[in-house]
Amino acid sequence: MKAQNQLDRETFSCSICLDLLKDPVMIPCGHSYCMNCITSFWDEGERKKSYHCPQCRKTFSSRPELQKNIMLAALVEQLNKTGLQAAAADHRYAGPEDVACDVCSGRKLKAIKSCLVCLASYCEKHLQPHYDSAPFRKHKLVEPSKNLQENICSKHDEVMKMFCRTDQKCICYLCSVDEHKGHDTVSAAAERTERQRELEERRGKIQQMIQNQEKDVKLLQQEVEAINHSAEKTVEDSEKVFTQLIRLLQKRSSEVKQQIRSQQETEVSRVKDVQEKLEQEITELKRKDAELEQLSHTEDHNQFLLNFPSLPALSESTHSSSINIRSLRHFEDVTAAVSELRDKLQDVLRNSWTNISLMVTEVDVLLAEPGPEPKSRAGFLRYSCEITLDPNTANTRLGLSEGNRKVTWMKRVQFYSSHPDRFTYWSQVLSRESLTGRCYWEVEWSGLCVRVAVAYKNMSRAGGGNECGFGYNDKSWALSCDQNSLTIGHNNIWTSISGPGSSRLGVYLDHTAGLLSFYSISETMTLLHRVQTTFTQPLLAGVWVVGSAKFCKPK
C-alpha cells in the first residue's frame with residue numbers, strides 16, 4: 001500500500017511545484033501541469049517567444065491554448081478526499097541549508113556533487129552525464145558546495161586554477177600574464193600538495209606535543225602519589241618520635257606536624273595546578289588537530305588554500321618545558337632529624353630546630369632553582385629561538401618585512417586593519433611567540449635609537465601613556481640604545497649602564513628562574529645588564545625603534 005501511495009504521489013504531482021495537481025491541464029506533448037504553474041512558466045518565456053515542455057523539452061511554434069483536463073481533475077479531487085497529499089517536504093528536495101541542483105526547474109532537488117569545471121551543482125539525475133560522457137568524466141567532482149563562485153576571478157570571469165606565491169592568492173590564467181606577470185605562480189593543485197605536506201607536518205608536531213604532555217601528566221600524577229605517601233609516612237614517624245618525648249617536646253612536635261602538612265599541601269597544589277593546565281593544553285591541541293584533520297580532507301583546492309592562511313600558529317607549551325621532577329626523598333630527611341632530637345633532648349632541640357624546618361621547606365618537586373647561565377655564546381645558542389613579529393600589534397608607523405622578522409620605522413603611515421592588540425601611539429611591535437623556560441635571541445639594529453624589550457601580553461596598547469611604553473610600566477623591561485648611551489628601564493625607572501656599544505644585542509631569558517640578561521654582541525659577548533625578578537606570566541619579545549631592527553637567526 002505504501003508503494004502504491006508513492007506511485008500516486010508521483011503520478012498526480014505537478015513536476016513544477018511538486019504538489020498534487022491543481023486545475024490540471026494537459027499540453028500537446030501529453031504532459032500535465034497545474035494551470036497556474038505552466039502559465040507562469042510560459043509567461044517567463046514570453047519575451048523570447050519560446051514555449052516548451054519543462055519535462056520532455058519539446059518546443060511549440062506558438063503558445064498552446066490550455067484547457068482543463070476534466071478526468072484528471074476528478075481523479076485528483078478523489079485523492080484529496082481520501083487524504084493523500086503530495087510529499088511537500090520530501091528529503092530529496094533542497095531546503096534553505098542545502099545546496100540545490102542548478103539544472104532542476106521548479107522546486108529543486110538536493111545536489112549530490114559540485115563540479116569545479118562546470119562551476120555548477122547537480123542532483124543525481126542531472127549528474128549522470130558526468131559519468132556517461134567521456135569529456136565530462138575528466139571534470140573534478142567534489143562534495144556539494146555553495147561557494148563555487150569564489151573560484152571565479154572577479155576581474156576576468158575565469159576559473160582560478162593557479163596560485164600566486166608572491167601575493168599568496170588564487171588567480172586565473174589571465175591574471176598570471178597580466179597583473180601577476182613575473183610572479184612565482186604554480187597550479188592550485190601543486191600548491192595544495194605543498195600545503196598539504198605542511199599541514200601533515202604540523203599535525204605530526206601537535207601529536208608529538210600531545211604525547212609528550214600526556215607523559216608529563218602521568219609523571220606528575222605519580223609524583224602527587226609519592227608526595228602524599230612520603231608526607232603521610234613522615235607525619236606518622238614524626239608522631240611516634242615525639243610521643244616518646246616529654247612535654248618539653250610536645251610543642252615542637254605539633255609545629256613540625258603543621259609545617260609538614262603545610263608544605264605537603266603547597267607541593268601537591270603546585271603539581272596539581274601544572275597538571276590541570278597541561279590537561280587543558282592537551283584538550284586545546286586535540287581541538288586544533290581535529291580542525292587540521294577536517295581541513296586536510298577538503299577536496300576543493302581553493303577552499304583549502306583560502307582557509308589555510310587563517311590557521312593559528314602553534315606555540316610551545318607554557319608548562320611542559322619547566323617540568324623537571326627532582327630526585328629527592330621528599331620528607332624522609334625530616335624523620336631522621338626528628339629521631340636525632342629524641343637522643344639529644346633539650347640541647348639538640350635548641351640547636352637543631354632550624355635544621356628540621358629547612359628539611360621540610362626544601363621538599364620542592366618542580367625544579368624552580370635557576371640553572372647556571374651559559375658561559376659562552378655557543379652555550380646561549382643552545383636556547384636560541386626564532387622570533388617573528390605580530391602584525392596585529394605593529395604601530396602604523398612600522399613596516400614589517402623578511403617574514404615578519406624585520407621592522408622599519410616609516411615616514412608614511414602603513415595600512416593595517418583595526419585590531420585591539422595594536423599599539424596606537426608608541427612605535428612598538430610584539431612577537432607572536434610566548435616565551436617561557438629558557439630562551440635566547442639576537443636583534444641587529446640601525447638608525448637613531450632602539451629599545452629591545454620583553455613584556456606581558458596584557459600590557460596596555462591604546463594611547464600614549466606610560467602604561468603602553470616599553471620600560472615605562474611594571475609589565476615590561478627594556479634596554480634602550482642610541483649612538484651614545486645605554487639605559488635599562490622598568491616601571492618608569494631608568495638607569496644608565498656602561499658597556500660597549502654594538503649594532504647587535506643578545507637577550508637571554510630564564511623565565512622559571514626569573515632571570516633576564518642583555519648582552520652586547522661583537523667579536524665577544526659582553527653582559528650589559530642582568531635583571532633578577534619573578535615573572536608571573538609568559539612574556540613576549542618586543543622592540544621600539546626609530547630606524548630598523550631585525551630579529552636574527554643566531555649562528
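Everything here concerns the structure above.
Because the structure is a prediction, the values reported are computed rather than measured.

(A) Up close: the packing of aromatic side chains. Counted under the stated rule, the structure contains eleven aromatic pairs. Ring geometry for Trp-477 versus Phe-535: centroids 5.2 Å apart, planes at 85 degrees, classification edge-to-face. Remark: Phe-535 occurs in the loop between β20 (525-532) and β21 (539-552) and Trp-477 occurs in strand β15 (residues 476-482); sequence separation between them is 58 residues. Here the two residues Trp-477 and Phe-535 agree in accessibility, since each one is buried. One aromatic cluster in this structure is built from Phe-380, Tyr-383, Tyr-440, Tyr-508 and Tyr-519. Sitting over the ring of Phe-304, Arg-192 keeps its end group 4.0 Å from the ring centre.

(B) Just the sheet that holds strand β5 (residues 113-115), in detail. Strand order in the open sheet made by the three strands is β6-β5-β7, with antiparallel pairing throughout. Each edge of the sheet is formed by a strand with only one pairing partner; in this case those strands are β6 (120-122) and β7 (141-142). Summarising the sheet, β5 and β6 pair through three bridges and their orientation is antiparallel. Its bridge partner lying in β6, Cys-115 is registered against Ala-120.

(C) Region of the structure containing the pattern of salt bridges. Considering all chains together, one arrives at 23 salt bridges under this definition. For Glu-442, the salt bridge is made with Arg-377, and the minimal N-O distance between the two is 2.8 Å. In this pair, Glu-442 is assigned in strand β14 (residues 438-456) and Arg-377 in helix α12 (residues 377-381), connecting sequence segments 65 residues apart. Under the relative-accessibility criterion, Glu-442 is labelled buried at 0%. What makes Arg-377 partly exposed here is its relative accessible area of 26%. Of the charged contacts in the structure, one is a salt bridge between Arg-504 and Glu-444, with a shortest N-O distance of 3.0 Å. Of this pair, Arg-504 sits in strand β18 (residues 504-510) while Glu-444 sits in strand β14, and the two are 60 residues apart along the sequence. Taking the relative accessible area as the measure of exposure, Arg-504 reaches 18% and is therefore buried. Taking relative accessible area as the criterion, Glu-444 reaches 36% and is therefore assigned partly exposed. Through salt bridges that share partners, Arg-377, Glu-442, Glu-444 and Arg-504 make up one connected network.

Rules used in this analysis
Residues numbered from 1 in each chain as written. Predicted model: local features only at pLDDT ≥ 70, side-chain atom pairs only at ≥ 80, totals over all residues. Heavy atoms only, no water. Phe/Tyr/Trp six-rings, centres within 6.5 Å; stacked < 30°, edge-to-face > 60°. Helix = DSSP H or I, 4+ residues; strand = E, 2+ residues; numbered from the N terminus. Buried < 20%, exposed > 50% of the residue type's maximum accessible area, 1.4 Å probe, protein only. Lys NZ or Arg CZ within 6 Å of the ring centre and 35° of its normal. Pairing = 2+ DSSP bridges. Salt bridge = Lys/Arg side-chain N within 4 Å of Asp/Glu carboxyl O.

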